[in-house]
Amino acid sequence: MEQNVEFTHCYYLTAGEAGAQSSMPLTLLVQRVIEVATEHANALGIGYATLSVHGIAWVLSKISIEMQRYPDINEDYCLTTWIESYNRRFCDRCFAVTGGDGQPIGYIRTMWTAIDVERRCVADLTAFEQDAFPVSSRSCPVAKPVRLPALPADASVQDYTFKYCDIDFNRHVNSVRYLALVLNHWPLDHFDHNTIRRIDICYHHECHFGQTVQLRVASQGHESECEIVHDGVRAVGLRISWAPRAVTAR
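Presented here is a report on the structure given in the accompanying data block. (Residues numbered from 1 in each chain as written. Predicted model: local features only at pLDDT ≥ 70, side-chain atom pairs only at ≥ 80, totals over all residues. Heavy atoms only, no water.)

Bringing the overall build of the protein into the picture now. For the protein, the helix and strand inventory stands at four helices and eleven strands. Here the C-alpha atoms of the protein give a radius of gyration of 18 Å, agreeing with the 18 Å that 2.2 N^0.38 yields for 250 residues. Seen along its three principal axes, the alpha-carbon backbone of the protein occupies a region of about 50 × 45 × 30 Å. Within the protein, buried positions represent 49% of all 250 residues. Counting only contacts in the protein whose residues sit at least 6 apart along the sequence, the fraction spanning at least 24 positions is 73%. (Helix = DSSP H or I, 4+ residues; strand = E, 2+ residues; numbered from the N terminus. Rg over C-alpha atoms; globule rule 2.2 N^0.38 Å. Buried < 20%, exposed > 50% of the residue type's maximum accessible area, 1.4 Å probe, protein only. Contact = heavy atoms within 4.5 Å.)

In the Ramachandran plot, Arg-171 falls in the positive-phi region, its phi being about 65 degrees despite a non-glycine side chain. Checked against the element boundaries, Arg-171 lands in the loop between strand S7 (156–161) and helix H3 (175–183). Even without being a glycine, Asp-231 presents a positive backbone phi close to 55 degrees. Checked against the element boundaries, Asp-231 lands in the loop between strand S10 (223–230) and strand S11 (233–244).

So, about the state of the cysteines. Working definition of a disulfide: a covalent bond connecting the sulfur atoms of two cysteines. The final tally for this structure, using the stated rule, is one disulfide. Disulfide partner of Cys-10: Cys-78, at an S-S distance of 2.0 Å. Across the disulfide from Cys-10 to Cys-78, rotation about the S-S bond amounts to roughly 95 degrees, and the bridge is consequently right-handed. With Cys-10 in strand S1 (residues 6–12) and Cys-78 in strand S3 (residues 76–86), the pair connects residues that are 68 residues apart, well separated along the chain. Residue classification places Cys-10 among the partly exposed residues on the basis of a relative accessible area of 45%. As a non-bridged cysteine, Cys-207 has Cys-202 as the owner of its nearest cysteine sulfur, 13 Å distant. The buried category is assigned to Cys-207, whose relative accessible area is 1%. Cys-226 forms no disulfide, and the closest cysteine sulfur to it belongs to Cys-202, at a distance of 14 Å. Take Cys-226: its relative accessible area is 0%, and that puts it in the buried class. (Disulfide = S-S within 2.5 Å.)

Here you go:
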């Protein structure tokens, strides 16, 4: 199993995938994280095909991303993942992102939860062999996220109703669609002059088709705290650290 301790998938950022600033959009990066984690889990025999027989599925619970820069249009880039730790309910998985020159441009820390698909609650992985979760000694420089406090009463509020394209095969809102909802809060000019240096996302409760949620945002300086709330309960919490973009996008 030693050869599977780390898993790497390399990509090429096409023009059709690039964002308005001619670089990789954050939503695509999160999508790639989910893809590579899935591929590694499949290679280890703890992926969807294996867990689904037991009525279990992985869901992304937390993700923290720190990027020096994002891959540029027409650039090759790679994501390498490894398992940092696990227990019978959770798996901590880290990633390194390298650019076309092979040098690291960012790191990512994630937590995955095993859920009972039918009962929609946390599942138990005790029955799976420990060797299926090869823990790497490689360190990840991304600090674990801290709890997002309650947002102030004067935070901005925007309503949104989840639609067909927001839903994935688990029939709940896709992890990336929550992020897209939050990022759409800011105008294009904001992204022309600012980039996301770090983002922490914590998924608390799942949302479903047809539900109307409130996006609440409070910003101060280079920090923004955001939450998606359904029926008064936080479904997703996010903290964003902005940095000035080196070159203003056209």
